[in-house]
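Examination of the molecular architecture
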Amino acid sequence: MQIPHRVKLVDVGPRDGLQNEKSPVPAAVKIELVHRLQAAGLKEIEVTSYVSPKWVPQMADAAEVMAGITRQPGVRYSVLTPNMQGLEAALSGPRERWPDEIVVFAAASEAFSQRNINCSIAESMARFAPVVAAARAAGIHVRGAMSCTVGCPYEGEIAPERVAYLAGLMKGIGVQRVDVADTIGVGTPLQVKKAIQATLQHFDLADISGHFHDTYGQALANTLAALEMGVWNFQSSVAGLGGCPYAKGATGNVASEDVVYMLQGMGIETGIDLEKLVDAGKFISDFLGRQPNSRAATALLNKRLV
Ligand code: HMG
Ligand code: MG
């Protein structure tokens, strides 16, 4: 398999990144972050999630954030919707404020499914099926996030067969593309390859994205492993923001800046301006009062000081 010559990144920083922040981040800051990401050339941005504010208070302003974004043609804006209530909220305003894509999210691990969305894997599919059908009938793309595809904080290692099972369920309810997520960032390259191989039983390569958290520092290596299989869609988080509220201790996604630096060095096209991306990461990191969690961003920012 040849390494792809171009890669599409979804920046999930505004959602996966910020959802875990304890102090409220104002909607205006989230909106500015989205604007900066699109100015840096991101063509896909996961903006927010329409989930229960009791469970994830940081995302309670989903409607305000979606309404406040000045959209750029050619950019796909996605949101998480765990149930019909979430989808209805996402589609309650005028069409120009609707997301282009919704994301339903399930886990390859039963225990994580219970903790994250309060139901079994089978129940989650029954809950998603009408959401997926309604979204597709409204002309909205549907992505499925598959959590814990290599490891689970409660069940340990996850066998590839369980990933294949979940991918089959996702396909069965009409999900159009899937994320192979290492939610807690424990996976290493060969494990990630097996999870992707399992997903390939049900989805084409072009419809599979890598979503790797960096808890153990493996996310860039896992990205390279997926690239070697021909995967060309990835999710990453500007400034390495984030974690998951239901995966204690897990850190953010691989930093977008690190992925773009690696891809540029490999001659792989992303359409992203790395310096502007670093600026976007600096903007949100300054707001949060910390340094960007990205080696490439840190190096480039240090270079500017010289
Ligand atoms: P539930 O408690 O089982 O649902 O939650 P319920 O239907 O019994 O409703 C309970 C309450 O929640 C009710 O309010 C509902 O109105 C409200 P009350 O009557 O008690 O005041 N509610 C909602 N409010 C707003 N929007 C909604 C919604 N649905 C119910 N959509 C539910 C089920 C899934 C909603 C809940 O468990 C939840 O929101 N969980 C949050 C899950 C979450 O956001 N996790 C983090 C994102 S996933 C992730 O990070 C992984 C990913 O990055 C990939 C990876 O790395 O693995 C994607
Ligand atoms: Mg995640």
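Below you will find a few notes about this structure. What you see is a predicted model; the values in this text were computed from it and never measured.

1. Thoughts on the pattern of salt bridges
Counted by the stated rule, this structure contains 17 salt bridges. Linking Lys 8 and Glu 44 is a salt bridge whose minimum nitrogen-to-oxygen distance equals 3.6 Å. Within this pair, whereas Lys 8 is found in strand β1 (residues 8-11), its partner Glu 44 is found in strand β2 (residues 44-49), the two being separated by 36 residues in sequence. With relative accessibility at 29%, the residue Lys 8 sits in the partly exposed group.

2. Concerning the coordination of the magnesium ion (ligand 2)
Protein-derived coordination of the magnesium ion (ligand 2) comes from Asp 16 (OD), His 211 (NE2) and His 213 (NE2), at a distance range of 2.1 to 2.3 Å. Ordering the donors of the magnesium ion (ligand 2) by residue number gives the pattern D-x194-H-x1-H. Separated by 195 residues along the polypeptide, Asp 16 in helix α1 (residues 13-17) and His 211 in strand β9 (residues 208-212) bring together distant segments of the chain. Each member of the pair, Asp 16 as well as His 211, is classed as buried.

3. Looking at the packing of helix α5 (residues 110-117) against helix α6 (residues 121-137)
The geometry of a pair of packed helices is captured by two quantities: the angle between their axes and the separation between those axes. For the pair α5 and α6, interaxial distance at closest approach is 9 Å and the crossing angle is 50 degrees. Between α5 and α6, the angle falls in the class oblique. On the side of α5, the interface is formed by Glu 110, Ser 113 and Ile 117, while α6 contributes Ile 121, Ser 124, Arg 127 and Phe 128.

What counts and how
Residues numbered from 1 in each chain as written. Chains lettered and ligands numbered in written order. Predicted model: local features only at pLDDT ≥ 70, side-chain atom pairs only at ≥ 80, totals over all residues. Heavy atoms only, no water. Salt bridge = Lys/Arg side-chain N within 4 Å of Asp/Glu carboxyl O. Helix = DSSP H or I, 4+ residues; strand = E, 2+ residues; numbered from the N terminus. Buried < 20%, exposed > 50% of the residue type's maximum accessible area, 1.4 Å probe, protein only. Donors = N, O, S within 2.8 Å, 3.2 Å for Na, K, Ca; no water. Axes fitted to C-alpha atoms, helices over the stretch in contact; angles between N-to-C directions. Parallel < 35°, antiparallel > 145°, perpendicular 65-115°, else oblique. Contact = heavy atoms within 4.5 Å.

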